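Notes for the structure review
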Amino acid sequence: MDNKNREKLDKQFDVAALGELLIDFTENGSSKQGNPLFEANPGGAPCNVLAMLSKLGCKTAFIGKVGKDFFGEQLKGAITEVGINARGLRMDWDVHTTLAMVHTYPDGDRDFSFYRSPGADMMLREDELDEKTLENTRIFHFGTLSMTDPEVRAATKKAVGIAKENGAVISFDPNLRPPLWKSLDDAKAQTAYGLSQCDILKISDNEIQWFTGEIEFDAGICKLREQYNIPLILLSMGKEGSRAYYKDLCVEVKPFIQESTIETTGAGDTFGACCLYHVLEYGLENLDESKLTQMLTFANAAASIVTTRKGALRVMPSREEVEALMNL
């Protein structure tokens, strides 16, 4: 038995993620009185990633906290329903589940207003971590929203340490949300921590510009690589497609533009999940131009499908749907 297959047998989970699990209130028309109507969709970037991976047949697990309230129960049910193991989900009796109001612009882009002062996801403590999950996952994924406040920041960093000690590949997505930070300097410091720990970085076009100060993406990536040893960097560029930077390779794949796009919630998470799926299949050691092109093409197609649907976590596309779009 080779090492790759032995690793698959040794680990209970393909991907575990830690972070925010919340309710996204997305616009859904108007009432007879002309008032905006909102739909309560389960959301949160880490679980969006896990939901797509579960749809592709991966074994996934989530670590985080919600309130012991109506929305918390809804979220626990939602992630279990899509196949995410919830044994690492804690429920807080004193602090309510975090809520986000999502305003969608005509082009499908979004703006967020958060109800999180505090929110339950901020209250996860080090002693509440499900260490068995962290010890038994092939990939551990996290972002910066679990590092906005001291207590959950300490829990996140402890989780990263446990996962690394047990041989997990570390995946990081900054997922910058400026309203949730006391200052963008603090956000930059915690992003730098994530960059220093990860083997796989998924970063958006606006995030690379914000963090590096470089307008040109290649220049920003070059600056990151000078400071951090990240084997695989995945750059999502919205309507411009995506790029993968690996060793001396830079592979770019065009997007799948859909006339039926209604919003972009979860598109970046779907893209990142599909890239992790290909890493699970191929590993990080021997990627080449063909494998990277295949990875990005599949990820772009999946992300495009999600933009035609309300929400993300419950509406991830199947492999067959993604391949059908790729073959058009």
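Each remark here, short or long, concerns the structure printed above.
Right, let's walk through the structure included here. (Residues numbered from 1 in each chain as written. Predicted model: local features only at pLDDT ≥ 70, side-chain atom pairs only at ≥ 80, totals over all residues. Heavy atoms only, no water.)

**Things to note about the packing of aromatic side chains**
Filter applied, for reference: Put simply, two rings from Phe, Tyr or Trp (the six-membered ring, in Trp's case) pair if the centres are within 6.5 Å, and we call them stacked under 30 degrees between planes, edge-to-face over 60, tilted for the rest. For a ring to carry a charge above it, either NZ of a lysine or CZ of an arginine must fall within 6 Å of the ring centroid while also lying within 35 degrees of the normal to the ring plane.
Taken as a whole and assessed by the stated rule, the structure comprises six aromatic pairs. Relative to F71, the ring of F70 lies with its centre 5.5 Å away and its plane at 70 degrees, an arrangement referred to as edge-to-face. Pairwise contacts between aromatic rings join F140, F142, F172 and Y193 into one cluster. Between the NZ or CZ atom of K157 and the centre of the ring of Y193, over which it lies, the distance is 4.5 Å. A cation over a ring is seen here: K188 above W210, with NZ or CZ 5.4 Å from the ring centre.

**Brief notes about the side chain of T133**
Condition: Helix and strand definitions follow DSSP, with helices as H or I runs of at least four residues and strands as E runs of at least two, each counted in order from the N terminus. What qualifies as a polar contact is a pair of N or O atoms within 3.5 Å, subject to a donor-acceptor requirement within protein and to the restriction that residues adjacent in sequence count only when both atoms come from side chains. For this analysis, residues touch if any pair of their heavy atoms sits within 4.5 Å.
Within the secondary structure, T133 sits in helix 4 (residues 131-135). Among the polar contacts made by the side chain of T133, one reaches the side chain of R87 at a distance of 2.9 Å. If we ignore the near neighbours within four places in the chain, the residues touching T133 are F13, A16, A61, I63 and R87.

**Topic: the pairing of strand 11 (residues 232-236)**
This is how it is decided: Throughout, exposure labels follow a simple rule: accessible area from a 1.4 Å probe, protein chains only, divided by the maximum for the residue type, with under 20% read as buried, over 50% as exposed, and the rest as partly exposed. Any two strands with at least two DSSP bridges between them are considered paired.
Counted residue by residue, strand 11 has five buried out of five residues, so it is predominantly covered. Residue alternation in strand 11 divides its side chains into two sets, L232, L234 and S236 and I233 and L235, and both sets are buried. One ladder, built from five bridges, connects strand 10 (residues 200-204) with strand 11; its direction is parallel. Across the sheet, residue I203 finds its bridge partner in strand 11, namely L235. Sheet topology note: the strand 11/strand 12 (residues 242-246) ladder contains five bridges and is antiparallel. By the bridge assignment, L232 is partnered in strand 12 with Y246. Turn length for the strand 11-strand 12 hairpin, with the two strands adjacent in sequence and antiparallel, is five residues, and the turn residue G238 shows positive phi of about 60 degrees.

**Here's the deal with the sheet that holds strand 4 (residues 60-67)**
Put simply, the rule reads: Axes, fitted as lines to C-alpha atoms, cover a helix only where it is in contact. Angles between the N-to-C directions of the axes lie from 0 to 180 degrees.
Pairing in this open sheet of nine strands is mixed, and the strands run 5-4-1-8-9-10-11-12-13 from one edge to the other. The open sheet has two edge strands with one neighbour each: strand 5 (84-92) and strand 13 (249-253). Pairwise comparison of adjacent strand axes, ignoring direction, gives a mean angle of 15 degrees for this sheet. Packing of helix 8 (residues 217-227) onto the sheet brings it into contact with strand 10, strand 11, strand 12 and strand 13, and relative to strand 12 it is tilted by some 30 degrees. In the packing of helix 10 (residues 289-306) onto the sheet, the strands contacted are strand 11, strand 12 and strand 13, and the crossing angle to strand 13 comes to about 35 degrees.

**Quick notes on the side chain of T144**
Following the sequence through the fold, T144 ends up in the loop between strand 8 (137-143) and helix 5 (150-165). According to the relative accessible area criterion, T144 is buried, its value standing at 1%. At 2.5 Å, the side chain of T144 and the backbone oxygen of P174 are in polar contact. Non-local contacts of T144, meaning those with residues more than four positions away in its chain, are made with F172, D173, P174, N175, W181 and T191.

**Things to note about the pairing of strand 4**
Formally: Consider the strands pointing away from the viewer: the crossover is right-handed when the path from the first strand over the helix to the second runs clockwise.
In terms of residue burial, strand 4 counts as a mostly covered element, since eight of its eight residues are buried. A two-sided burial pattern is seen for strand 4, the buried positions comprising T60, F62, G64 and V66 on one face and A61, I63, K65 and G67 on the other. Relative to strand 4, strand 1 (residues 13-18) is paired through four bridges, and the arrangement is parallel. Bridging from a neighbouring strand, V15 pairs with T60 of strand 4. Taking the sense of rotation as the criterion, the β-α-β connection linking strand 4, helix 3 (residues 70-81) and strand 5 turns out right-handed.

**Regarding the nonpolar core**
We count it as follows: Residue types Ala, Val, Leu, Ile, Met, Phe, Trp, Tyr and Cys, when buried and joined through side-chain atoms within 4.5 Å, form a set referred to as a nonpolar core.
Counting residues in hydrophobic clusters, the biggest one holds 56 residues, and the most contacted among them are L21, L53, I79, L232 and L234. Looking at this core, the element that brings in the most residues is helix 10, giving ten residues. Sequence-distant contacts of I79, that is, excluding residues within four places in its chain, are made with L21, C47, F62, I84, A86, L89 and L313. L124, F142, L145 and L195 belong to the second largest nonpolar core, which has 44 residues in total.

**Comments concerning helix 6 (residues 184-197)**
Residue pairs three or four apart in sequence face the same way in an α-helix, which turns once every 3.6 residues. Operational definition: Expected span of a helix, by definition, is 1.5 Å for each gap between consecutive residues, and there is one gap fewer than residues.
Compared with the 20 Å implied by 1.5 Å per residue over 14 residues, the 20 Å span of helix 6 between its first and last C-alpha is a close match. For helix 6, the full list of buried residues reads D186, A187, Q190, T191, Y193, G194, L195 and Q197. Tucked inside the fold, the buried residues of helix 6 contact strand 8, helix 5, strand 9 (169-173), strand 10, helix 7 (205-212) and helix 8.

**Describing the pattern of salt bridges**
Inclusion rule: Definition used for salt bridges: Asp or Glu carboxyl oxygen within 4 Å of a side-chain nitrogen of Lys or Arg.
Applying the stated rule across the entire model yields 18 salt bridges. The residue E73 makes a salt bridge to K68 at a minimum N-O spacing of 2.9 Å. When its relative accessible area of 36% is taken as the criterion, E73 is described as partly exposed. A salt bridge links D173 to K202; its shortest N-O distance comes to 3.9 Å. With a gap of 29 residues between them, D173 in strand 9 and K202 in strand 10 connect regions that are remote in the sequence. Through salt bridges with shared partners, one network takes in K65, D92, R125, D127 and E128.

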